[in-house]
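A structural walkthrough
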Amino acid sequence: MARTRHGCLTLVVLAVLAASGDTHGELGDVHTSAASVARLVEAEQTVVAALQDYLAREEARLEAIRGYIAGWRGGAADYVHNPLNSYFFLWRLTKEFPAVLDALDPTPTEELRHNLSSLRGGVEVPREADLNGVAFALVRLQDTYNLTVDDLVQGDIWGRKAVHVLSADDCFRLGQQSFNNLEFGLSEQWYNKGLALLAGQQPLTQEEQQRIERVSRQQEHRAVMSKMVTQLAQHSDGHIHDRFSGLGLPISFQQQVYANHEGADSVKLLNDLYRRLCRGEEVQPPQAFIGLKCGYVFGSSAYHRLMPFKAELRWADPIIIVYHDALTEAETEVLKRVSMPRLATTMVHSFTTHQVRKSLARVGKTAWVRRGDDATVDDILRRIEHMTGLTTATAEDLHVLNYGIGGHYDAHVDFFDLEDKAMDKTPHQGDRLATMLFYLNDVEAGGSTVFPTVGVEVAARRGSALFWFNLKRNGRGDYRTVHAACPVLLGEKWIANLWLHEWGQEFRWSCTLNPED
C-alpha cells in the first residue's frame, strides 16, 4: 500500500510539475513542422500587406482631416461680410466637409478586423502553447549542440544572427519550459540569465527590484521541487516508470533516476555518442572505415543493369548503405506536395502501455502516402525493389515526415522484435526486415541521421537514400541499428521512409571502385 501511495504521489508531483507556470505549461506543435510555419509566414505576409494598405488609407484619411483643420482661419477672416470669404466658407462646407465625414467613417477599420482571420487563409493562429513549444525546442537545440545561453540571448546560432535578441521575459519562458520538461539544470541557467538581464537595467525601479526578489524566491522553490521529483522518481516502482515510457523524458533526468540501475552506463554512453555525432564529431578511429567503398548496385531491371545505382557502403556489419541521386528533385517535390495536406502531429506507440500518443521523443509532423496516390509514388516503389531486391507489396505505406524547429527523433530501432513484445495488432507481414529512408531536401544545419552504436552519421542531402537491415539472419532484431534523427538546427527537414517486410528478388551488392578512389 505504501508503494502504491508513493507511486501515486510521484504521478501527482509530475502532473503538477507539468502544469506549473499556468499558461507556460502546455506545449503546442505548430513549430514541429516547417510546412506549418511556412504557411503561417505566407499568411502573415498577406496580413501585413493588408495592414500596410490600411495604413496608407488611414494616412489619407488623417491628411484630409488635417487639411480641413489647416484651412480654417477662424476669427482672422471675415466669413460673414466678405463675399469671397463667404464663398470659400460655403465651398469648404459643401466640398471639403463631406470628405471629413467620410474620413470619420469607422467601416474600413471594422472590415479589416473582420477580414483578418480570412486573410490568413484559414491557417490557425498560434496559441500560447505554440510559443511554449518553440521555446522548449530552443532548449533542446541548446542541449544537443552545446549552444551557450549568452549566444542565444544575442540571437546568434553558429554565426547566423536572428532579427531580435532575447529579453529577460524570454529567458524566463525558456527557463519555465526547461523546468516543466524536467531539464532542471538548463532551467537554472535560463532563470539566472533572465535575472542578470533584469538586474542590468540600471537604475532599477521599485517594481523591477521586487520582481527580481520574487523570481529569486521562486528559484529556491524550484530547486527544492526538482530534488523532490528526482528522489520520488528514483524510488518509484516499474509501473510508474512505464506510465512515462516513450514520452521523451530528458536523458539528464533519466540518468539521475536510473543511476543505480543495470545498464545506466550504456544509456549514458549511447546519449554521449548521439550528441557527438549530431555535432559532426568523429567517434570512430579512421582505421574503422578502411575497406568501406563506393560502388554500384545493379538492379533487376534491364535499365538499371546499364545504369546502376550509385551506392556508398557506410558500414559493413550491420550493413548501412547510402544511395546517391536515388530521387530526382522533381520526385522529391511530388512527395512533398502529395503529403502536405495530410501532415498531422507525429505519434509514438508505447510497448508498455500499448497507447499511441504525442511524445517529446519524436517531434515533427507526418503523412502516409499510398501506392496509387501518384504515378511518381508508384515509380519510386518499383525503384526500391530494384535497389534492394525486397518487395514493396507487403511493405507499409510510404511515411513522409516534415521536421521544423528542433524537430528530431530520439534513439530507437525500427523493428518490433515480435517474439519479445506483446503487440495489440500485427502491423504487416511480420517484422520490419529493412528500412529505406529518402532525404527530400538539404538541411542547412543539423538534422543528420546517426547510428550511435557503430559511430555513423549521415547528413541529409536531397535525393539521397539511406538503407539498412533491421533484422539479423535469424530473424531477431539487430539492436546495433539503433538510430536517431538529430534536431534540425537551421532550416527544415523532409524525409520519406519505407519499412519493408519480405524479400522479393535477390539483393546484389557490387563495388567496382577501390577504397582510395
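Structure first, text after, so check above.
Everything numeric in this text was worked out from a predicted model, so none of it was measured.

Criteria and cut-off values
- Residues numbered from 1 in each chain as written.
- Predicted model: local features only at pLDDT ≥ 70, side-chain atom pairs only at ≥ 80, totals over all residues.
- Heavy atoms only, no water.
- Helix = DSSP H or I, 4+ residues; strand = E, 2+ residues; numbered from the N terminus.
- Expected span 1.5 Å × (residues − 1).
- Buried < 20%, exposed > 50% of the residue type's maximum accessible area, 1.4 Å probe, protein only.
- Polar contact = N/O pair within 3.5 Å; in protein donor to acceptor, adjacent residues only side chain to side chain.
- Phe/Tyr/Trp six-rings, centres within 6.5 Å; stacked < 30°, edge-to-face > 60°.
- Lys NZ or Arg CZ within 6 Å of the ring centre and 35° of its normal.

Digging into helix α15 (residues 375-388)
Residue pairs spaced three or four apart in an α-helix point in one direction, given the helix's 3.6 residues per turn. In this model α15 runs 20 Å from its N-terminal to its C-terminal C-alpha over 14 residues, within 8% of the 20 Å that 1.5 Å per residue would give. The set of residues buried in α15 consists of T376, V377, D378, I380, L381, R383, I384, M387 and T388. Measuring from the side-chain oxygen of the N-cap residue of α15 to the backbone nitrogen of T376 gives 2.8 Å; that N-cap residue is D374. Looking one or two residues past α15, G389 carries a phi angle of roughly 80 degrees, positive in sign.

Digging into unusual backbone geometry
Of note, the amide linkage connecting Q202 to P203 takes the cis form, showing an omega dihedral of -5 degrees. The amide bond that connects D317 to the next residue, P318, takes the cis arrangement and shows omega of 5 degrees. Summarising the element assignment, P318 is placed in the loop between β4 (309-316) and β5 (319-324). We note that W158 has phi near 50 degrees; this positive angle belongs to a residue other than glycine. For W158, the position within the fold is in the loop between β1 (156-157) and β2 (160-161). The residue L182 is not glycine, and still its phi comes out positive at about 70 degrees. For L182, the position within the fold is in the loop between α7 (168-180) and α8 (184-199). Judged by its relative accessible area of 7%, L182 falls in the buried class.

What to know about the packing of aromatic side chains
This model, assessed by the stated rule, comprises 10 aromatic pairs. Their ring planes at 25 degrees and their centres at 5.6 Å tell us that F172 and Y191 sit as a pair that is stacked. Of this pair, F172 sits in helix α7 while Y191 is found in helix α8, placing the two residues 19 residues apart along the sequence. Plain terms: the ring middles of W368 and W499 are 6.4 Å apart, the flat faces sit at 50 degrees to each other, and that makes the pair tilted. One end of the pair, W368, is in strand β10 (residues 365-369); the other, W499, is in strand β21 (residues 493-500), and 131 residues separate them in sequence. Residue W368 is classed as partly exposed on the basis of its relative accessible area of 39%. Between R432 and the ring centre of W499, over which it is positioned, the NZ or CZ distance is 3.6 Å.

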